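Take a look at the letters that make up each chain.
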Amino acid sequence: MFIKITKFSKYRYAQAVESYRQNGAVKHRVLLNLDRLDIIKNNESYANFARRLLELSNAEASIDINSILETELSNWGYVVYKKIWQCFDLDKILENIASKTKISYSLSKTSFLMAISHLLAPSSKLAAYNSQARYTGLEPVDLNNIYRSLDILADSKEKIEGKIFDINRNLFNLNVDVVFYDATTFSFSSCLADGLKDFGYSKEGKPAKVQVVMGLLIDCYGRPIGYEIFVGNTFDGKTLSYALESLEKRFGIRKVIIVLRQRYSIKD
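This is a predicted model, so every value here is computed, not measured. (Residues numbered from 1 in each chain as written. Predicted model: local features only at pLDDT ≥ 70, side-chain atom pairs only at ≥ 80, totals over all residues. Heavy atoms only, no water.)

### A closer look at the pattern of salt bridges
Turning to step 1, where the next piece is worked out: Tallied over the entire structure, the rule returns five salt bridges.
Turning to step 2, where the next piece is worked out: The closest approach of N and O atoms between aspartate 38 and arginine 36, which form a salt bridge, is 3.0 Å.
Turning to step 3, where the next piece is worked out: A relative accessible area of 44% means that aspartate 38 is categorised as partly exposed.
Turning to step 4, where the next piece is worked out: For arginine 36, a relative accessible area of 10% puts it in the buried group.
Turning to step 5, where the next piece is worked out: Its salt-bridge partner being lysine 109, residue glutamate 139 comes within 3.0 Å of it at the nearest N-O pair. In this pair, glutamate 139 sits in the loop between helix H6 (125–130) and helix H7 (143–155) while lysine 109 sits in helix H5 (residues 107–120), placing the two residues 30 residues apart along the sequence.
Turning to step 6, where the next piece is worked out: Three or more residues joined by partner-sharing salt bridges are found here, namely Lys157, Glu161 and Glu228. (Salt bridge = Lys/Arg side-chain N within 4 Å of Asp/Glu carboxyl O. Buried < 20%, exposed > 50% of the residue type's maximum accessible area, 1.4 Å probe, protein only. Helix = DSSP H or I, 4+ residues; strand = E, 2+ residues; numbered from the N terminus.)

Below, the structure written as structure tokens:
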């Protein structure tokens, strides 16, 4: 095992790598993505980690686990989401979409980075790009490709939802007879209306900010079916009729039970 320095974009990264032989050829396998070199430099956590490794390499008779200092290790918790990603064939679905475009990068790998960043450390796309080295074993993704992929994903939204719906139905023997619908709002750090962004009733309590309205459809097990985005000043009731038409047209769901929630106030 050895430390390998790789360069991507304007940064250099440190990786723990081991050599192995396959079909007579020597190959390298990344065991751990440590971090960018500029972050490792003068970082006391990494220094403590290195000192402890030196101590352990001397094969001491006993080791007090409580004496091991905390260090900033790469995040490998994303592998759970990777399994779900593969179960729903999202890698194949996205690469099939990419094959019909002129892009040369992996749409699946780029989208997966955005997905796990949103799940594990919600932040901007730029922050996701800058912190991607924390995820062990993931190939680096270019920032420009992250931004470029957003238009492709938006244009392919209905196709992706339809594929996932079919796979979801097959995996769980799903019979969609009850559908739940709810609408919420998402505000922006802006006071300028533009396209979808507009002023409206804010469920986040931010009436001075522009927003969009999102309607979400889920099945009776809480699994999402699809979503729609509406102009920020759209009334909830108007989004429901559109969602029902979408259910019948795209998913073949004709029988729907609508449950209305009514708030009551009791006066003495």
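### Some details on the nonpolar core
Turning to step 1, where the next piece is worked out: Counting 22 residues, the largest nonpolar core has Leu94, Ile97, Leu107, Ile146 and Ile160 as the members making the most contacts within it.
Turning to step 2, where the next piece is worked out: Looking at this core, the elements that each hand over two or more residues are helix H4 (90–98), H5, H7 and helix H8 (157–171).
Turning to step 3, where the next piece is worked out: Isoleucine 146 has contacts with Thr110, Leu113, Met114, Lys125, Tyr129 and Val141, leaving out every residue within four places of it along the chain.
Turning to step 4, where the next piece is worked out: Counting eight residues, the second-largest nonpolar core is a separate cluster that includes Val179, Ile225, Ala243 and Phe251. (Core = buried A, V, L, I, M, F, W, Y, C linked by side-chain atoms within 4.5 Å. Contact = heavy atoms within 4.5 Å.)

### A closer look at H8
Residues lying three or four places apart along an α-helix face the same way, a consequence of the helix completing one turn every 3.6 residues.
Turning to step 1, where the next piece is worked out: Relative to the 21 Å expected for 15 residues at 1.5 Å per residue, H8 spans 21 Å between its end C-alpha atoms, a close match to the ideal helical length.
Turning to step 2, where the next piece is worked out: All of the buried residues in H8 are Lys157, Ile160, Glu161, Gly162, Phe165, Ile167 and Asn168.
Turning to step 3, where the next piece is worked out: Where the residues of H8 are buried, they touch helix H3 (79–87), H4, H7, strand S5 (211–219), strand S6 (224–231) and helix H9 (236–251). (Expected span 1.5 Å × (residues − 1).)

### What to know about the sheet that holds S5
Turning to step 1, where the next piece is worked out: With antiparallel pairing, the three strands of this open sheet are ordered in space as S4-S5-S6. Looking at strand neighbours, the two that pair on one side only are strand S4 (179–187) and S6, the edges of this open sheet. Within this sheet the neighbouring strands show an average axis-to-axis angle of 20°, counted without direction.
Turning to step 2, where the next piece is worked out: Taken together, the seven bridges between S5 and S6 define a ladder with antiparallel strand orientation. Within S6, the position partnered with isoleucine 218 by the bridge is proline 224.
Turning to step 3, where the next piece is worked out: Contacts from H8 reach S5 and S6, with the element oriented near 160° to S6. (Pairing = 2+ DSSP bridges. Axes fitted to C-alpha atoms, helices over the stretch in contact; angles between N-to-C directions.)

### Thoughts on the environment of leucine 196
Turning to step 1, where the next piece is worked out: Considering the arrangement of structural elements, one finds leucine 196 in the loop between S4 and S5.
Turning to step 2, where the next piece is worked out: Taking the C-alpha atoms as reference points, leucine 196 and glycine 232, 36 residues apart in sequence, are found 6.2 Å from one another.
Turning to step 3, where the next piece is worked out: Non-local contacts of leucine 196, meaning those with residues more than four positions away in its chain, are made with Gln211, Val212, Ile229, Phe230, Val231 and Gly232.

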